[in-house]
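# A structural walkthrough
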Amino acid sequence: MLPRYFNTDIDNRKRQINTLKIFNDNVVEITEGCEFDVSFNSGDHSLTVRVTLGGDFPKAKPLLEIRPLIEHPWVNEKGVVNAAPGLLNFTPHSDLGRVVQAVIREFQRNPPALASTDSSKPSSVPKLDAESRTSPSLSRYSLSPPIHPGSTMFPELNLLSTEELRFLDECDGRQIEFIEELPSVKDQNRMLDDLASQIEELAEENLRKESRLCELRQTVDARIEEVAKLAFDNERLFSIYQNLSEKYSPRNIQEELGKAAKAAEEESEKIAEQFLHGELDVDRFLNMFIKTKAVFQLRKTKEEKLCHQLNRLEKAGF
């Protein structure tokens, strides 16, 4: 099988950091690979997002902090972004740069007010009664606890009269309608619609590529089978080559010539013995003996000449 390669956690972490720098401007690295500041303008204010990546990132979510402190549904009293959709749904397959970009764009489209530290400032929003603080419809949309002095969780409530607030508190349908008309909720719904459209497009694109992927997979399997067959043939032919290489090496040829010369000499001696024992007449003896001796002499000469040449080559370093 062909080797398979997988991205390590370190590679994924680097990829996430690269997306932060690609999708956002003014990224400053505070601590190498761990802390980054992204500055931007929101209305009349200059804000900074501090992005902190823990040791388990990207398996663990990043920490986003806004400075200076602001009042926004996505941000808690300590300036930590804890309700952004992209952050809530963050996975190792998310893009850190896009998540931070979505947070910054939200603050740019809807510039938040800076957090007030003056608790004596009276609120222009009437307080809701105890029953409204436990209203299931409002709590579902994070409208409880009720708006307190200095809060701008839902600044749209400032525009309602007491009667409108009372009607809103008593009518669940109006509460849902009010929530759905909030700019932040509209933005979230718009983002969800965009994400759904992107997911559908990706799914359709993947389905269109399925047949091509199957063809490529079959091609790869066929190539793997072909490579395996070629590798087997290569090993077989290499074994044959090694045997032939040893068989026809110069030294082996010299040895074989020596053996063949010795065999011819033994054959001539055997013919001589047969003549001495009267088994061969003179003409036949001479014919066979001379021919065998000639073969012996030829092989012996070739063997000695080849040996001399090989010795000279070895002395020359070949």
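### Considerations on the pairing of strand S2 (residues 35-42)
- Of the pairings in the sheet, the one linking strand S1 (residues 27-31) to S2 comprises four bridges and is antiparallel in character. Counted as the bridge partner of Val-28 is Asp-37 from S2.
- Here S1 folds back onto S2, and the loop between the two strands holds three residues, one of which, Gly-33, carries a positive phi near 75°.
- As judged from the eight bridges shared by S2 and strand S3 (residues 45-52), these two strands associate in the antiparallel manner. The residue of S3 that forms the bridge with Phe-40 is Leu-47.
- Linking S2 to S3, which pair antiparallel, is a turn of two residues; within it Gly-43 sits at a positive phi near 65°.

### Focus on the pattern of salt bridges
- If you walk through the whole model with that rule in mind, you get 11 salt bridges.
- Between Asp-187 and Arg-109 there is a salt bridge, with its nearest N and O atoms 4.0 Å apart. Of this pair, Asp-187 sits in helix H8 (residues 183-247) while Arg-109 sits in helix H3 (residues 96-109); the two residues are 78 residues apart in sequence, bridging distant segments of the chain.
- With its nearest N and O atoms 3.9 Å apart, the salt bridge here joins Glu-256 to Lys-259. Here the residue Glu-256 and the residue Lys-259 both occupy positions in helix H9 (residues 250-276), the gap between them amounting to three residues, near one helical turn.
- Each of Arg-15, Asp-95 and Arg-98 takes part in one network of salt bridges that share partners.

### Examining the packing of H9 against helix H10 (residues 282-315)
- The contact between H9 and H10 brings their axes to 8 Å, and the two run at 160°. Classed by the angle they form, the pair H9 and H10 counts as roughly antiparallel. In this structure, the crossing between H9 and H10 has a hand that is left-handed.

### Looking at the sheet that holds S2
- The four strands are arranged S1-S2-S3-S4 in an open sheet whose pairing can be described as antiparallel. Each having just a single partner strand, S1 and strand S4 (63-67) make up the two edges of the open sheet. When strand polarity is set aside, the average angle formed by the axes of neighbouring strands in this sheet is 25°.
- Here S3 runs beside S4; their pairing, made up of five bridges, is antiparallel. Residue pairing in the sheet places Val-49 in a bridge with Ile-66 of S4.
- Packing against the sheet, H3 makes contact with S2, S3 and S4, and its axis sits at approximately 30° to S2.

### Section: the nonpolar core
- In this structure, Val-51, Leu-64 and Val-81 are the most contacted members of the largest nonpolar core, which totals 25 residues.
- Of all the secondary-structure elements, those providing two or more residues to this core are helix H1 (9-23), S2, S3, S4 and H3.
- No other element matches the six residues that H3 contributes to this core.
- In contact with Val-81, other than residues within four places in its own chain, are Leu-64, Ile-66, Trp-74, Val-75, Leu-87 and Val-103.

Scoring rules and cut-offs
- Residues numbered from 1 in each chain as written.
- Predicted model: local features only at pLDDT ≥ 70, side-chain atom pairs only at ≥ 80, totals over all residues.
- Heavy atoms only, no water.
- Pairing = 2+ DSSP bridges.
- Helix = DSSP H or I, 4+ residues; strand = E, 2+ residues; numbered from the N terminus.
- Salt bridge = Lys/Arg side-chain N within 4 Å of Asp/Glu carboxyl O.
- Axes fitted to C-alpha atoms, helices over the stretch in contact; angles between N-to-C directions.
- Parallel < 35°, antiparallel > 145°, perpendicular 65-115°, else oblique.
- Left-handed = near helix turned anticlockwise from the far one by under 90°.
- Contact = heavy atoms within 4.5 Å.
- Core = buried A, V, L, I, M, F, W, Y, C linked by side-chain atoms within 4.5 Å.
- Buried < 20%, exposed > 50% of the residue type's maximum accessible area, 1.4 Å probe, protein only.

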